[in-house]
Each structure stands twice: as structure tokens, then as C-alpha cells.
Amino acid sequence: MSNRRAFLQGAALLGAGVVSKAGAASLPEAPVQGSAATAAPLTPPNGRPYNPVVTLNGWSLPWRMKDGVKEFHLVAEPVVREVAPGMHANLWGYNGQSPGPTIEVVEGDRVRIFVTNKLPEHTSVHWHGQILPNGMDGVSGVTQPSIKPGKTFVYEFVAKHAGTFMYHPHADEMAQMAMGMMGFWVTHPKDIRQHAVDRDFVFLLGAYDIEPGSYTPKVNTMLDFNLWTFNSRVFPAIDPMVVRRGDRVRIRAGNLTMTNHPIHVHGHTFEVTGTDGGWVRPSARWPEVTADIGVGQMRAIEFVADNPGDWAFHCHKSHHTMNAMGHDVPTLIGVDHRGVAEKINRLVPGYMVMGDKGGAMGGMQMRLPENTLPMMTGTGQFGDIEMGGMFTLLKVREGQARGDYRDPGHYRHPKGTVAYEWTGEVPAAPTAPGAPAGPVQGAMNVRRGGGHEGHH
């Protein structure tokens, strides 16, 4: 796509000659990730041991050890992210992806992060939730000069507290975060046994406004976003979270959108065990099936996966489980389209009536503009799933091997455990007082004009 090529060519030209050869020799490598698939956990090659996390549709950033310091290299740059097959977005991110790679360290580690700016404007990196020296906090103009295009800055501090954190710019935030600049940070406890779980998933909640047929988000959108994402992916392209029956599972999510998200899991109850402020002591936890994650917040939830199946995991705001959603569509339930549809079809061949019986697409396939997605999509073993956006599956399996995150396919339900159609006799349904008998035919009756006289 020429749009994507031009976008990345501009980034390559900007990045040329960022540092001198002598300077490059002293910098750690900046690995790049081109795939949107979930990478295997990064087993620490050196330093203190820890239990690695799995970044949903993402990866963890390798480091080098130099004189006892963990050195990372982040490159802020334009990227092309596959939101789902058939749709790509021109975003800004780190090391080839948006969100950027997860950074994993151990409590007490001294870390040194080199940040190279290949964006067309200045930037900075704020280490959200970290307790560190003021000059390392990453707020442009307050704690540091901004990082100009083509420049590299160094952040260095001790990761004092174990927990769940984020990183993002504190420079031109409205544009840069709307373009996808964000990443996850996990500081593991010194004691590998502390807060240990069998599977530990992380992802960030993101929102974009990308008009059908275009590639670049509208950065001045406040609330009316049309793509709601887990790690800049939408269903059905979000990988499932695959676990073994009996595993203790942790899911950590951070919210860098402009609204809250009630994250809901089916088939299990959980406890909120951590925030970006630290771990929640056991006496303060309570059982839940939905955790509301506010703007700028992190939540870690934990549960024992003791109920086999393919369980929905999603934001409970229903418009956040749709893709490419329009906001100015009238409600047409009950409106008789028959005569109008015939006339429109003479002008627009192939026109289809939608919305007169509800919002379900019913298997209809419409021709879409370039680089966009159906509002509701996905197919399961029983038919259309009719979801999008912030939705995926928690797949709990009896025989899943330890450390195996591969999709095991559809759940095989034991006999007699699936809802089925009743084919026996059905009693007559009661009718509400004053309601017309039988099904409503034709258009709705609408009262127009007038005041409230005679209304009861």
C-alpha cells in the first residue's frame, strides 16, 4: 500500500544519522518486532531470575547487562500496526510496534534506558507509576528538555518497587498517545516465589478514531472513537488467553484511553490483587467478575482457572465490543422499509435494509471501504460471534501443557452440557394490557406535535 510505504519511508529518512558511529558503539541494540502475534515469554538470560509475563499480541524487550546495569534501547518511531487482517493503521510506537515492547525488570535492578527519537516532533518518556528521581520522570519542560527529532536521551534509575506500570510520552500527549505511543512495564519481586502465578498476561487498553478507508487516527477526537483495542488489536484478531485447568492466572491491564472500561470475565470469579500503586493486601481483596479500570489506571486480577471452556473476556460497554462503529446511525427498529428499499435499489443497486429488526447482521456480507473492518465479526463452532473491539476468549483446557500458549481450538463440550432448542409444546405467551394482539405489522405509529393535553 503506497500510503504505508510513504509513511515508513519518511520515518527511515528522519532516522538516518541519528547517532554517530562512535555513539552507536556504546548503545545497546534496539530490537525491532514486525509481527502482531503473541510472542513467547522472555526467559531472562542473565540477572536475577523472575517469572516472565506474556504480552497479549506483543513481546518483551531484551536487554544487555553492562557493569551490573540492565540497559534497554527504545526507539520512538512511526510504525504500521496490523489492527486485524485486512486493516492496517499508521501509528506511532516503539521498536516497530504499537504498543511498544513490555519492559521486565526485578525489584532493586538499576536500569538504564536509551530513548532515540525518530518521530517528526519532540517527545519524552514518562515512567507511569514509578517512584524515581524527579529528573527521570519524563515530563517535557518540567523535569527535562524534550527529546528533539534525531536525538537520544538516557534515563537511569533503580526499580524500587515490584508492581505493574506503564510508559508513555509526556510531550504533545493528545497527539502522541492518540497515535499509539504507550508500553507496559513489569517490575518483578526479588523473591521469585512472591506473588507467583502459573500464567501472567499483560496488555494495554487503547482507542483510535480511524475513518473507513483511511490509515491514520484522528488525534483530536475526545470520546467518539470507533476502534477499541487490546494492545492495538481488535477481535477477532486478539489472541486468546490459553491456560491449563487448575492454573493460577493473573491478567494485568492498563488503561490509556479517555474513558473507563469495565473488564468482565465469564465462567470465573477473581480478585483485584494489584494496581499501579502496588499489591493489594489479601485482607482488602473481594470477589468480582468485573473490574472497572479508570483512565490512567492499572489493574491486576487473579483467579484459579477451574472451569474448562471457551470463556468470553471483554469490556462490558457494548459499543466497545464493535469495530468501525458509526455514531450517527438512526434507530430503525420497527420501520417498514419495503417501498423505500425498492426505490433506493433503483438508484443504488445492492442496497440492503439494515436495522429494522435489530442490529444483528444475520450473516449479511456488505462491501466495505478499503482498510476497514465489519462492526461485528468472528465465527465460533456454533455460528457468528458478532463481536469486535475489546473482546477475546479465555480458553481453559484440561490437558494444556505447562508453558504452552498455542490455541487449542474449539472447546469440546461434554454431552448434555450445551443449550438446545425446545421442540415440544409451548404455552401461549401472556400479553401486556393494552398491547395489540399478535405480532406488530408494518410501521410504528408515531405521535407527532402537540403538547401534553390529554396525555396520562
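So, how was this worked out
Residues numbered from 1 in each chain as written. Predicted model: local features only at pLDDT ≥ 70, side-chain atom pairs only at ≥ 80, totals over all residues. Heavy atoms only, no water. Pairing = 2+ DSSP bridges. Helix = DSSP H or I, 4+ residues; strand = E, 2+ residues; numbered from the N terminus. Axes fitted to C-alpha atoms, helices over the stretch in contact; angles between N-to-C directions. pLDDT = per-residue confidence, 0-100. Contact = heavy atoms within 4.5 Å. Buried < 20%, exposed > 50% of the residue type's maximum accessible area, 1.4 Å probe, protein only. Lys, Arg positive; Asp, Glu negative; His and termini not counted. Salt bridge = Lys/Arg side-chain N within 4 Å of Asp/Glu carboxyl O. 1 Å grid on protein atoms, 1.4 Å probe; cavity = no way out; pocket = protein on both sides within 12 Å on 5 of 7 lines; lining within 4 Å. Points joined across faces, edges and corners; volume = space filled by probe spheres on them. Phe/Tyr/Trp six-rings, centres within 6.5 Å; stacked < 30°, edge-to-face > 60°.

### Examining the sheet that holds strand S15 (residues 261–265)
On the basis of which strands lie adjacent, the open sheet formed by 5 strands has the order S13-S24-S21-S15-S19 and mixed pairing. In this open sheet, the two strands that pair with only one neighbour each are strand S13 (241–244) and strand S19 (290–293). Strand-to-strand twist across the sheet, computed as the mean angle between neighbouring axes with direction ignored, equals 20°. Looking at chain direction, S15 and strand S21 (residues 309–315) are connected through 3 bridges and run antiparallel. When the sheet's bridge partners are listed, Val 265 is paired in S21 with Phe 313.

### Regarding the confidence of the model for the protein chain
Averaged over all residues, the pLDDT of the protein chain equals 87, while 81% of them reach at least 70. Ignoring residues within four places in sequence, the model shows residues 9–23, a span with pLDDT below 50, making 13 contacts including any to other chains. A low-confidence stretch, residues 450–456 stays under pLDDT 50, and its non-local contacts, those more than four residues away or across chains, total 1 contact.

### A few points about the side chain of Asp 137
You can see Asp 137 is positioned in the loop between strand S7 (126–128) and strand S8 (152–158). This buried residue, Asp 137, is left without a salt bridge; Lys 160 holds the nearest opposite charge, at 12 Å. Residue contacts for Asp 137: discarding those within four places in its chain leaves Val 125, His 126, Trp 127, Leu 132 and Thr 143.

### Notes on empty space enclosed by the protein
Counted by the stated rule, this structure contains 3 cavities of 30 Å³ or more. Within this model, the largest cavity holds a volume of roughly 60 Å³. Residue lining of the largest cavity: Phe 203, Ile 251, Ala 253, Ile 263, Phe 270, Ala 291, Ile 293, Arg 299, Ile 301 and Phe 313, and that is the complete set.

### Here's the deal with unusual backbone geometry
Residue Pro 99 is reached from Ser 98 by a cis peptide bond, and omega for that bond is -5°. Here Pro 99 lies in the loop between strand S4 (87–94) and strand S5 (103–106). Note the cis peptide between Phe 235 and Pro 236, where omega equals 15°. With respect to the secondary-structure elements, Pro 236 resides in the loop between strand S12 (227–230) and S13. The backbone of Asn 231 shows a phi angle near 50°, a positive value even though the residue is not glycine. Structurally, Asn 231 can be placed in the loop between S12 and S13.

### Details of the packing of aromatic side chains
How two aromatic rings sit relative to each other is given by the distance of their centres and the angle of their planes. Evaluated as defined, the whole model comprises 14 aromatic pairs. Aromatic side chains Tyr 94 and Tyr 167 sit 5.3 Å apart centroid to centroid with 70° between the ring planes, which places their arrangement in the edge-to-face category. With a gap of 73 residues between them, Tyr 94 in strand S4 and Tyr 167 in strand S9 (residues 163–168) connect regions that are remote in the sequence. Side by side, Tyr 94 and Tyr 167 carry an identical accessibility label, which is buried.

### What to know about the pairing of strand S16 (residues 270–275)
The pairing of S16 with strand S18 (residues 287–288) spans 2 bridges and is antiparallel. When the sheet's bridge partners are listed, Phe 270 is paired in S18 with Glu 288. Alignment of S16 against strand S20 (residues 298–304), held across 4 bridges, turns out to be antiparallel. Bridging across to S20, Gly 274 finds its partner in Ala 300. Both S16 and strand S17 (residues 278–279) contribute to a ladder of 2 bridges, which runs antiparallel. Residue pairing in the sheet places Thr 275 in a bridge with Gly 278 of S17. A loop of 2 residues connects S16 with S17, the two strands running antiparallel in sequence.

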